[in-house]
Amino acid sequence: MEGLMRFIPGLEIPNCLEDLQYSFNQRGELRHLVTKEPFVYNYYKNEHDRNHKRYKILGDMITLHVYELLEKECNLEQITIPIDASDEEPKSFFFMSKQPLSKQTNLVILLQDSGVIRAGQWSQKVIVHHSLDRGTQIPYITSVLRDNSSVIVLNPNDNCVEMKEEPQALLKKEDEASSLETRHASGLFRTDEELILPKRCSSSPEEHTSYVWEHFISKSAARNVSFIAHGYGGLVFMDLLCKKSQEVMSKVSAVAFIDSRHHALHQARTDPEIQTWIHLHCRSWVLSSKPLDRPSGPLRKQDCSKVSAGTEKHELAPSFALQSILRFLSRSSKSRRNSVPPIRTMLTRSSTRKSV
């Protein structure tokens, strides 16, 4: 995958998890192939940098493994963006159910936190130290698909590609970008070791989400569209809501925020209509020592209701709140469906005769 498996001096580049002597057992737990023990960070004694680089390689291998599960186990399709990308330019992608845009059913969009995590993951740390069920979005995906609904798995953190070797065309482009402002406009960023190329239409989580909304989600025939947003993903959704308020409010039936970093009073402070919509259609699962679903925090008219996620750990909140969130989305879709006036049919002589 583009942007993965960087060259790290002193370490061989593996082709799969097994090359690192690790694999996932039947319970989805990461275990050493020989010792059957959990992952050990301090593999090289007193060599922090080398251990950290090894951990980064493991993270890249886990990302590739999860991508494979999304395609093979969840039967999702990988969609390359932007849709008009040339063969040469860096591209991003996301996953979605096959033919979800034409299905008049429920559509659930998964939007994760910021950081190294990619499509299909809630937390890489939880995957390593707990299991795939705890750390990936797969339990949500399988539950949604089992309900004959569709799913879109966003990939908001796949924003750039790191290049060790600089193609001549890029070198020429960089030479032309003599000043810092011109270089920024050209889309080229250089670190101490490599050249960073932002991916067009996905250079930030906000841009990625807005692009997928415009070209895919907004065009779907789904009667009920729901978002599940974890951490920074909540802020990204709020950015989308504020920028495309009428579109989003007319199409989205429910939003589940999980330990979200959004701030409704700040991001939507100038629009009471958005604040009212948030109050009616959103719910936030917050970190708490209280049992799952217990009310937590004050209820404000400008914000949504808050309930306990059943844990005080940010990374574990999505897995703890799974069943509660799915019930909330189901109730919201039914409520929206019942609020739509039924289509009235005109009785004709022939139809009356058939019913007798």
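Not measured: the values here are computed from a predicted model.

1. Details of the packing of aromatic side chains
- Enumeration according to the criterion identifies 14 aromatic pairs in this entry.
- Among the aromatic residues, those joined into a cluster by ring pairs are Trp213, Phe227, Phe237, Phe257 and Trp277.
- When the ring centre of tyrosine 44 is taken as origin, the NZ or CZ atom of arginine 50, which lies over that ring, is 3.9 Å away.
- Directly above the ring of tyrosine 43 sits arginine 54, whose terminal nitrogen or CZ lies 4.1 Å from the centroid.

2. Overview of the nonpolar core
- Grouped together as the largest cluster of nonpolar side chains are 45 residues, with contacts concentrated most on Leu70, Leu110, Tyr140, Ile228 and Ile325.
- Among the elements that take part in this core, helix H1 (residues 48-72) stands out by supplying 8 residues, more than any other.
- Dropping the residues within four chain positions of it, tyrosine 140 is found in contact with Leu110, Trp122, Ile228, Ile258, Pro318, Ala321, Leu322, Ile325 and Leu326.
- By size, the runner-up hydrophobic cluster in this structure holds 35 residues, among which are Tyr211, Val212, Met238 and Ile278.

3. Comments concerning the pattern of salt bridges
- Tallying each qualifying case throughout the model produces 9 salt bridges.
- Salt-bridge contacts for aspartate 239 lead to lysine 243; the nearest nitrogen and oxygen are separated by 3.2 Å. Taken together, the residues aspartate 239 and lysine 243, both in helix H8 (residues 232-243) and 4 residues apart, mark about one turn of the helix.
- In this structure, aspartate 293 and arginine 327 form a salt bridge, with 3.4 Å as the shortest nitrogen-oxygen distance. Here aspartate 293, found in the loop between strand E12 (282-286) and strand E13 (305-308), pairs with arginine 327, found in helix H13 (residues 322-339); they are 34 residues apart in sequence, far enough to count as distant.
- Put simply, Arg27, Glu29 and Arg31 are held in one network by salt bridges that share partners.

4. Thoughts on H8
- If you check H8, its first and last C-alpha atoms are 17 Å apart, about what 12 residues at 1.5 Å a residue would give, namely 16 Å.
- For H8, the tally of buried residues reaches 9 of 12 residues, placing the bulk of the element in the interior.

5. Brief notes about the sheet that holds E12
- Overall, mixed pairing links the 8 strands, which are arranged E3-E4-E6-E5-E10-E11-E12-E13 in an open sheet. At either margin of the open sheet sits one strand with a lone partner, and together these are strand E3 (76-81) and E13. With direction set aside, neighbouring strand axes in the sheet form an average angle of 20°.
- Sheet analysis places strand E4 (residues 92-97) next to strand E6 (residues 150-153), joined by 2 bridges and oriented antiparallel. Of the residues in E6, the one forming a bridge with phenylalanine 95 is valine 153.
- Contacts from helix H4 (residues 138-146) reach E3, E4, strand E5 (106-111), E6, strand E10 (224-230) and strand E11 (252-258), with the element oriented near 155° to E6.
- Running at roughly 140° to E10, H8 makes contact with E5, E10 and E11 of the sheet.

Parameters at a glance
- Residues numbered from 1 in each chain as written.
- Predicted model: local features only at pLDDT ≥ 70, side-chain atom pairs only at ≥ 80, totals over all residues.
- Heavy atoms only, no water.
- Phe/Tyr/Trp six-rings, centres within 6.5 Å; stacked < 30°, edge-to-face > 60°.
- Lys NZ or Arg CZ within 6 Å of the ring centre and 35° of its normal.
- Core = buried A, V, L, I, M, F, W, Y, C linked by side-chain atoms within 4.5 Å.
- Buried < 20%, exposed > 50% of the residue type's maximum accessible area, 1.4 Å probe, protein only.
- Helix = DSSP H or I, 4+ residues; strand = E, 2+ residues; numbered from the N terminus.
- Contact = heavy atoms within 4.5 Å.
- Salt bridge = Lys/Arg side-chain N within 4 Å of Asp/Glu carboxyl O.
- Expected span 1.5 Å × (residues − 1).
- Pairing = 2+ DSSP bridges.
- Axes fitted to C-alpha atoms, helices over the stretch in contact; angles between N-to-C directions.

Function-wise, these values are silent; they only describe arrangement.
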